Amino acid sequence: MKLAARMGRLGTETAFEVLARARALEAQGKHVVHLEIGEPDMDTPANIVQAGQAALGKGFTHYGPSAGLPALREAIAEDFTRRRGVGVKPEQVVVYPGAKPVMFFMFLALLEEGDEAIYPNPGFPIYESMINYAGARAVALPLRAERQFRADVAELATLITPRTKIIVLNSPQNPTGSMLTSEDLKAIAKLAAEKGIWILADEIYGRILYGAAHDTVLRYGDPSRIVILDGFSKTFAMTGWRLGYGIMPAEFAVHMARLQTNATSCTAAFTQMAGVEALRGPQDAVDRMVAEFRKRRDVIVAGLNALEGVSCVEPQGAFYVFPDIRGTGFSSKDLASRLLDEAGVACLSGTAFGKHGDGFLRFSYANSVDNIREALKRFAGFLASARTAAKA
Ligand SMILES: Cc1ncc(COP(=O)(O)O)c(C=O)c1O
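## Considering the site of the ligand
Surveying the vicinity of the ligand reveals 14 residues, the closest of which are Asn174, Asp202, Tyr205, Ser233 and Lys234. Interatomic distance of 2.7 Å between a side-chain N/O atom of Tyr205 and an oxygen atom of the ligand. Relative to its unbound accessible area of 400 Å², the ligand is 94% covered by the protein chains. The residue inventory of the shell around the ligand, partitioned by class, reads 6 nonpolar, 4 polar and 4 charged.

## Points about the pairing of strand E8 (residues 244–247)
Along any regular strand, the residues point their side chains to alternate faces of the sheet. Residues Gly244 and Gly246 line one face of E8 and the alternating positions Tyr245 and Ile247 line the opposite face, and both faces are buried. Both strand E2 (residues 93–96) and E8 contribute to a ladder of 4 bridges, which runs antiparallel. Residue pairing across strands places Val93 opposite Ile247, the latter belonging to E8. Both strand E7 (residues 226–231) and E8 contribute to a ladder of 4 bridges, which runs antiparallel. Opposite Ile228, over in E8, you have Ile247 as the bridge partner.

## Focus: the pairing of strand E3 (residues 116–121)
Here E3 lies mainly inside the structure; 6 of its 6 residues are buried. Of the two faces of E3, the one holding Glu116, Ile118 and Pro120 and the one holding Ala117, Tyr119 and Asn121 are both buried throughout. Inspection of the sheet shows E3 paired to strand E4 (residues 137–142) by 6 bridges, in the parallel sense. Paired with Ile118 across the two strands is Val139, which belongs to E4. The parallel pair E3 and E4, bridged by helix H5 (residues 125–133), forms a crossover whose chirality is right-handed. Relative to strand E5 (residues 164–170), E3 is paired through 3 bridges, and the arrangement is parallel. Residue pairing for E5: Ile118 is matched across the bridge by Ile167.

## Considerations on a nonpolar patch on the surface
A cluster of nonpolar side chains, Met1, Leu3, Met7 and Leu10, forms an exposed patch at the surface whose accessible area comes to about 470 Å². For Met7, the position within the fold is in the segment before helix H1 (14–27).

## Section: the sheet that holds E3
Two orientations exist for strands paired in a sheet by backbone hydrogen bonds: parallel and antiparallel. The strand order across the open sheet built from 7 strands is E2-E8-E7-E6-E5-E3-E4, with neighbouring strands paired in mixed fashion. Strands with a single pairing partner mark the edges of an open sheet, and in this sheet they are E2 and E4. Each strand axis lies, on average, 20° off the axis of its neighbour in the sheet, ignoring direction. Each of E2, strand E6 (198–202) and E7 is contacted by helix H8 (residues 250–263), which is oriented at about 15° to E2, the strand it contacts most.

## Comments concerning the nonpolar core
Judged by nonpolar contacts, the single largest core of 134 residues is most densely connected at Phe363 and Phe379. Per element, the largest residue contribution to this core is 8 residues, and it comes from helix H10 (residues 284–305). Excluding residues that lie within four positions of it along the chain, Phe363 makes contacts with Leu35, Ile300, Leu304, Phe319, Tyr320, Val321, Pro323, Leu339, Val345, Cys347 and Phe379.

## Let's talk about the pattern of salt bridges
In total, this model carries 28 salt bridges according to the counting rule given. Note that Glu194 and Lys190 form a salt bridge whose closest N and O atoms lie 3.5 Å from each other. Placement of both Glu194 and Lys190 in helix H7 (residues 182–195) is noted, with a separation of 4 residues, approximately one turn of the helix. Its relative accessible area of 54% is what places Lys190 among the exposed residues. Taken together, the shared-partner salt bridges connect Asp41, Glu292, Lys295 and Arg296 into one network.

## Comments concerning the environment of Leu348
Along the chain, Leu348 falls in strand E11 (residues 348–349). Taking C-alpha positions, Leu348 is 36 Å from Arg258, a pair spaced 90 residues apart along the chain. Those residues within four positions of Leu348 in sequence are excluded, and the remaining contacts are Thr14, Ala15, Val18, Glu36, Ala336, Phe353, Leu361 and Arg362.

## Some points on the layout of surface pockets
Quantified by volume, the largest pocket comes out at close to 630 Å³. Contributing to the lining of the largest pocket are 37 residues, with Phe16, Gly38, Glu39, Lys234 and Thr239 lying nearest its centre. Looking at the lining of the largest pocket, the elements with two or more residues in it are H1, helix H4 (100–110), H5 and strand E12 (361–364). The element that contributes the greatest number of residues to the lining of the largest pocket is H1, accounting for 5 residues. Its residues assigned to classes, the lining of the largest pocket shows 18 nonpolar, 10 polar and 9 charged. The space that makes up the second largest pocket amounts to roughly 180 Å³. Lining the second largest pocket are 15 residues, with Thr14, Val18, Arg21, Ala336 and Ser349 sitting closest to its centre. Listed by contribution, the elements that provide at least two residues to the lining of the second largest pocket are H1, helix H11 (332–343), strand E10 (345–346) and E11.

Calculation criteria
Residues numbered from 1 in each chain as written. Predicted model: local features only at pLDDT ≥ 70, side-chain atom pairs only at ≥ 80, totals over all residues. Heavy atoms only, no water. Near = heavy atom within 4 Å. Polar contact = N/O pair within 3.5 Å; in protein donor to acceptor, adjacent residues only side chain to side chain. Areas by Shrake-Rupley, 256 points an atom, 1.4 Å probe, with all protein chains shown as cover. Nonpolar A, V, L, I, M, F, W, Y, C, P; charged D, E, K, R; others polar. Buried < 20%, exposed > 50% of the residue type's maximum accessible area, 1.4 Å probe, protein only. Helix = DSSP H or I, 4+ residues; strand = E, 2+ residues; numbered from the N terminus. Pairing = 2+ DSSP bridges. Right-handed = clockwise from strand over helix to strand, strands pointing away. Patch = residues over 30% accessible without salt bridge, like charges linked within 9 Å, V, L, I, M, F, W, Y side chains within 5 Å. Salt bridge = Lys/Arg side-chain N within 4 Å of Asp/Glu carboxyl O. Axes fitted to C-alpha atoms, helices over the stretch in contact; angles between N-to-C directions. Contact = heavy atoms within 4.5 Å. Core = buried A, V, L, I, M, F, W, Y, C linked by side-chain atoms within 4.5 Å. 1 Å grid on protein atoms, 1.4 Å probe; cavity = no way out; pocket = protein on both sides within 12 Å on 5 of 7 lines; lining within 4 Å. Points joined across faces, edges and corners; volume = space filled by probe spheres on them.

Below, the structure written as structure tokens:
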């Protein structure tokens, strides 16, 4: 088979491969604790499920507008305006099947061959993959444990060239749980506005917070060049519904909707009606979920820091930890692979998030406290037997 050359530039998300390997081990009768995949383990709240079911009964089973149903675009604009304190209009909202298309379509719409886009590394692997696929050069902005994985704005400034078209921000961040401060956002917004650079602000974990308040770059930057990416997957445990959105200049939204017309026509109508209920209905399920994640975060951070050779920064948001494992003597890939095969703990090598993730692992703590404790016990047991084997 001869694929188009651009396919050689397309990356992937290792979480799905590790999940498949873990499932294969389970099929052989092995027990695996799943800390690899980035999705809440809770069910979608019942009021949202019921709204989706009711919409099916009411005939929301047809094509709809490419940019999304007016009811949902309005609900999103209202929600953003109220929550983030920056006024947004429905014409600025485009609804997609998941949040991923926002980044894909934005890169396709803006990046020319030879352009550059700066993205966080370690970071969500699809940024790098899709920037490359769009024909541009993906420029890594390293995030370092010494800075609690917060981007260094001075370093970001040194990466900007006349070809820089887009800067990607992600706060709270996958895979590190780090957050940008309002001061960071202000400084980045200023840099971008001065140079006419677009910003893609991935705020998908914006409501999964453990203390520090979330702020949006839209408050500080040039609104004619900012796209906010958000969605329902993480906040409302709706990964399988496929529902996300972008908030952008209204003029740009027309083109981002045109890409959707070409790719998928529109987002499923009944799913969008469930989204209206998610935003307009009671929010207590979200609060409960975040409280539960916080408990798990505390257990996993303490447990990892108690392991010899492992040190873990406390995340401020999202549901991931990114421990430094260099003190164990293992490489990231080797350790992730052996933890799965020998200890039945599925996690990801830090390198799945880019070259600056080398020396780290990513655990998703979207699993019960009991399972997290079991994984920590297995990890400790694995390290102890590796040390014994090394001495023998
Ligand atoms: C940082 C980040 N952005 C976007 C997404 C994609 O979200 P969705 O499943 O809604 O497409 C994810 C999912 O893991 C993510 O971690």
